[in-house]
Amino acid sequence: MPNITSLTESEAAVLSAVPKGLLRNGAWVDSSTGMTLGVDDPSTGEVLVEVADASVEDARAALDAAVAAQPAWAATPPRERGEILRRTYELMTERNEELALLMTLEMGKPIAESRSEVAYAADFFRWFSEEAVRLDGSWSTAPDGKSRIITMKQPVGPCLLVTPWNFPLAMGARKIGPAFAAGCTVVVKAAKQTPLSMHAIAAILTEAGLPDGVLGTVTTSKASSVVSSLIEDPRLRKLSFTGSTEVGQSLAEQSAKGLIRLSLELGGNAPFIVFEDADIDHAVDQAMLAKLRNNGEACTAANRFYVHESVLDEFSTKFAARFEKLVVGRGTDAAVTLGPLIDQAAVDKVEELVAAAVAEGATVVYETPLPKSTGYFSAARVVTGVSPTSRLVTDEIFGPVAPIVGFSTEDELLGWANASDYGLAAYIFTRDLDRAVRVSEKLEVGMVGVNRGVLSNPAAPFGGVKSSGYGREGAHVGIDEYVETKYLSLNVG
Ligand code: NAP
């Protein structure tokens, strides 16, 4: 284990057990170049382990295997595919503790939150194990009565799944689950900062009986060339990407040439709206979750707080009082409630946004103390008096900072809320049902939490509009991203 002097026995054990190679045709192999890349512990900045660093040739070999495995996998009975997903759910549930520890080590979030993510990710496998046997078609009589129109759903074919570091398991699970349920084979490229969780579920899927070649992994330090080489390969039929809007736009352009089917789950800038009639204590509870879950590094994170001016002081004071109870530190410590950010660039970005807001006249009303550490810690802050045009409001913060803006009318609020290019999530707090419905319908987003600060649920359709992308993950519609509808015209004499 390079550089690490202070790993506990259980930390060393999970790191030692996780595969470090590339999964190809059911076996873990080294990169063709022999290169490796280091995976850091964001709470220390030290390298935890080295993993194989895939080349363009390795990516092509993974696609070769996926293409070869595609016909047999598509022909595998849906119940058998579903049983593999179900066993994966069960194994992940049994091993929640080890998987959670691995995730916290590479990503940094508090261990309790990693346990929740493991359960959430496993639930996608359970949900899609059930959906695998529910794919249906239709039968109808043509309007002139001379033929019958029959439709069937077939797998799109080999898929490339590209995932980010912020939810190392769940972002992969909500793509792999429906792809396998539909009968597609997969090459998955996890983020280079957090590949270990993905390697662990790839190993569990293999143990659950996944046939060789159906899943390949290509962890790499060369995301751009590896991903582009696969998009350019005419055998690839589908790309599902979760990550930043900027990279998503570039991948959409590249995919246009081969008309690759696309799902894009991109950045967000969720407004958290507190009306004057809201239950303020409940809104504060939910604000803590919406803002600080995942260290503030969630696409659905509350990015800007719009609070009616009549309750602005009460909300800000109670919210800041809750921040005072936060414990910042290494996520493996059970007492810690806020971990480090993913890297120094993330810390620097948060500092720049806060400094710009303060220079414009905003006030930091509370800031958490930070541990003495070489890790990437960033203070949790409540910031009031923020201008509605400040970059702290218009940019995706991806950190534990809560900027609060006061508003006076519903129209003013809706203008600000919809001014963003992003359209992933929004949260509204009110006891007025008419207002809840009216505002929810007018918000330009894919998901609205009404008196709730958490939206994620495998049974619900997750996705955004505008620059937050297109396509939906989870729910009954999640599998539609991985199937084509074929129509058969049956002559009736
Ligand atoms: P990112 O930089 O776009 O990276 C996402 C993935 O794309 C990683 O696997 C990354 O690989 C890869 N990648 C980076 N540059 C690439 C390129 N030029 N060509 C091909 N692939 C490339 O995003 P991130 O910083 O990891 O994640 C944070 C973003 O994801 C935020 O904007 C967040 O809102 C968004 N997100 C959205 C959702 C959603 O469901 N809407 C969920 C979670 C996160 P490497 O990291 O290995 O270089």
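So, here's what we can say about the structure.

## Considerations on the overall build of the protein chain
Okay, so step 1: Within the protein chain, the regular secondary structure consists of 15 helices and 22 strands.
Okay, so step 2: For 493 residues, the compact-globule formula gives about 23 Å, and the C-alpha radius of gyration of the protein chain, at 23 Å, lands near that figure.
Okay, so step 3: Within the protein chain, the fraction of its 493 residues that count as buried is 57%.
Okay, so step 4: Carbon and sulfur atoms form 53% of the exposed surface of the protein chain, whose accessible area is close to 19000 Å².
Okay, so step 5: Here the protein chain holds 44 positive side-chain charges and 63 negative ones, and the gap between their average locations is 6 Å.

## Observations concerning unusual backbone geometry
Trans is the common state for peptide bonds, and a negative phi is the common state for residues other than glycine.
Okay, so step 1: The phi angle at Phe398 is positive, at roughly 55°, despite the residue not being glycine.
Okay, so step 2: Examined against the element boundaries, Phe398 turns out to sit in the loop between α13 (391-394) and β16 (401-407).
Okay, so step 3: For Ala475, which is not glycine, the phi torsion reads 65° and is therefore positive.
Okay, so step 4: Locating Ala475 in the fold gives a position in the loop between β21 (469-470) and β22 (483-491).

## Overview of the environment of Val18
Okay, so step 1: Relative to the helices and strands, Val18 resides in the loop between α1 (9-17) and β1 (22-24).
Okay, so step 2: Residues contacting Val18, with those up to four places away along its chain left out, are Leu102, Leu196, His199 and Ala200.

## Focus on the site of the ligand
Okay, so step 1: The local shell around the ligand holds 30 residues, among which Thr163, Arg174, Ser244, Leu266 and Glu396 are the closest.
Okay, so step 2: At a separation of 2.6 Å, an oxygen atom of the ligand approaches a polar side-chain atom of Arg174.
Okay, so step 3: Here the ligand loses 87% of its free accessible area of 900 Å² to cover by the protein chains.
Okay, so step 4: When atoms are counted within 2 Å of each cavity's grid points, the one that captures over half of the ligand is the largest pocket.
Okay, so step 5: When residues of the shell around the ligand are traced back to their parent elements, those giving at least two are α6 (170-182), α8 (223-231), β10 (238-242) and α9 (245-258).
Okay, so step 6: In terms of residue count, α8 provides more of the shell around the ligand than any other element does, three residues in total.
Okay, so step 7: Looking at the shell around the ligand residue by residue, the classes come out as 16 nonpolar, nine polar and five charged.

Thresholds applied
Residues numbered from 1 in each chain as written. Predicted model: local features only at pLDDT ≥ 70, side-chain atom pairs only at ≥ 80, totals over all residues. Heavy atoms only, no water. Helix = DSSP H or I, 4+ residues; strand = E, 2+ residues; numbered from the N terminus. Rg over C-alpha atoms; globule rule 2.2 N^0.38 Å. Buried < 20%, exposed > 50% of the residue type's maximum accessible area, 1.4 Å probe, protein only. Areas by Shrake-Rupley, 256 points an atom, 1.4 Å probe, with all protein chains shown as cover. Lys, Arg positive; Asp, Glu negative; His and termini not counted. Charge placed at Lys NZ, Arg CZ, Asp CG, Glu CD. Contact = heavy atoms within 4.5 Å. Near = heavy atom within 4 Å. Polar contact = N/O pair within 3.5 Å; in protein donor to acceptor, adjacent residues only side chain to side chain. 1 Å grid on protein atoms, 1.4 Å probe; cavity = no way out; pocket = protein on both sides within 12 Å on 5 of 7 lines; lining within 4 Å. Sits in = over half its atoms within 2 Å of the grid points. Nonpolar A, V, L, I, M, F, W, Y, C, P; charged D, E, K, R; others polar.

Geometric values such as these leave the question of function open.
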